[in-house]
Amino acid sequence: RAPDFVRVCPMGVDTDGFGPERRSREMRSRLLTRAGGSEKSVLLLYAGRVSPEKNLALLVDVLRELVRDGSGDYRLIVAGDGPQADWLRGQAAGALAGRILLTGNLDRETLATVYASCDVFVHPNAREPFGIGPLEAMAAGVPVVVPASGGVLEYANPLNAWLAAPAVGPFTRAVRAAAAADPRRLAAARATAQRFRWSRITRRFFATYDELHRSMPDTGLATGSPLISSY
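In short, a report on the structure. (Residues numbered from 1 in each chain as written. Predicted model: local features only at pLDDT ≥ 70, side-chain atom pairs only at ≥ 80, totals over all residues. Heavy atoms only, no water.)

## Concerning the nonpolar core
If you look at the biggest cluster of nonpolar residues, it comprises 34 residues, and the most contacted ones within it are L31, L45, I77, Y115, F121, M138 and Y155. Ranked by residue count, the leading element in this core is helix α5 (residues 132-140), at 5 residues. When neighbours within four sequence positions are excluded, Y115 is seen to be in contact with F18, L45, A47, F121, G133, E136, A137, A140 and V142. L44, L59, V60 and V175 belong to the second-largest nonpolar core, a separate cluster that totals 29 residues. (Core = buried A, V, L, I, M, F, W, Y, C linked by side-chain atoms within 4.5 Å. Buried < 20%, exposed > 50% of the residue type's maximum accessible area, 1.4 Å probe, protein only. Helix = DSSP H or I, 4+ residues; strand = E, 2+ residues; numbered from the N terminus. Contact = heavy atoms within 4.5 Å.)

## A short note on the packing of aromatic side chains
For the structure shown, the criterion picks out 5 aromatic pairs. Considering the side-chain rings of Y115 and F121, the 5.5 Å spacing of their centres and the 20° angle between planes classify their relative orientation as stacked. Residues Y115 and F121 agree in their burial class; the two are buried. For the pair Y155 and F196, a centre-to-centre distance of 6.0 Å together with 70° between the ring planes defines the contact as edge-to-face. One end of the pair, Y155, is in the loop between β5 (144-147) and β6 (162-164); the other, F196, is in the loop between α7 (183-195) and α8 (198-215), with 41 residues separating them in the sequence. By relative accessible area, Y155 is classed as buried at 3%. Above the ring of W162, the side-chain terminus of R185 is found at 4.2 Å from the ring centroid. (Phe/Tyr/Trp six-rings, centres within 6.5 Å; stacked < 30°, edge-to-face > 60°. Lys NZ or Arg CZ within 6 Å of the ring centre and 35° of its normal.)

## Considerations on the sheet that holds strand β2 (residues 74-79)
Spatial ordering of the open sheet is given by β3-β2-β1-β4-β5-β6, a layout of 6 strands whose pairing is parallel. In this open sheet, the two strands that pair with only one neighbour each are β3 (100-104) and β6. Each strand of the sheet is rotated relative to its neighbour by a mean of 25°, with strand direction disregarded. Pairing of strand β4 (residues 120-122) with β5, which is carried by 2 bridges, proceeds in the parallel orientation. The residue bridging F121 from the neighbouring strand is V144, located in β5. (Pairing = 2+ DSSP bridges. Axes fitted to C-alpha atoms, helices over the stretch in contact; angles between N-to-C directions.)

## Some words on the pairing of strand β1 (residues 42-47)
Across the 6 residues that make up β1, a large majority, 6, are buried. Along β1, one buried face is formed by V42, L44 and Y46 and the opposite face, lined by L43, L45 and A47, is buried too. Summarising the sheet, β1 and β2 pair through 6 bridges and their orientation is parallel. Bridge pairing in β2 places A47 opposite A79. This β-α-β element, β1 to helix α2 (residues 56-69) to β2, shows right-handed connectivity. Examined bridge by bridge, β1 and β4 share 2 bridges and lie parallel to one another. Residue pairing for β4: L45 is matched across the bridge by F121. (Right-handed = clockwise from strand over helix to strand, strands pointing away.)

## Concerning the side chain of E136
Along the chain, E136 turns up in helix α5. When neighbours within four sequence positions are excluded, E136 is seen to be in contact with V13, F18, R108 and Y115.

## Notes on α7
The first and last C-alpha atoms of α7 sit 19 Å apart over 13 residues, in line with the 18 Å expected at 1.5 Å per residue. Residues of α7 that are buried: L186, A189, T192 and A193. Relative to the axis of α7, the buried residues are bounded by an arc of 115° and lie together on one face. Exposed positions of α7 whose direction lies more than 90 degrees from the buried face are P183 and R184. (Expected span 1.5 Å × (residues − 1). Arc of directions from axis to C-beta.)

Without other data, these values stay purely geometric and don't point to any function.
As structure tokens, then:
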């Protein structure tokens, strides 16, 4: 094999379905009410599988620290489901009573509206293979806080996101900073999402298939017969 035979084809994002134009005062008001907040509250959003490998315990600890320091009124919206859902509901006690809302799995249109109607997207998994959630949040025009490690670094950087070590102190500081929303960083995030839009990514996939086809030895198949199929 040639030393350069490896090709990397990233995942993509639906920039037509996810966008800041989907922000809804009605949805935001509904989320605030269900999460026990007010118009002054900061809505943090996590969207994805609710399971141990996602490191959701970090978000609980960060929320607890934000409540303790009194720097603002923060509420956590969790869109998704999984084996850790009951554990997460159980964390909503004491100082966190009423501050964590689990919506369960949402249909695509509702999810896009929830993204755009929240204030900060938080993604705590330091070992994420790629991370479509943060990229969807970028497309939605929402500040994104992610660990400074893992597959999210395929697209996230200090110019378009708030990167932090996956520990309570650094992540809490990043959330506070992101809540202030830097317009230049948000614009850069939207531009990043456009570079990863599905129409562009699929062209990259098919170009890779074509390259593989050309590089394979003659198999006796008719010219143009597909050697690789993708669905």
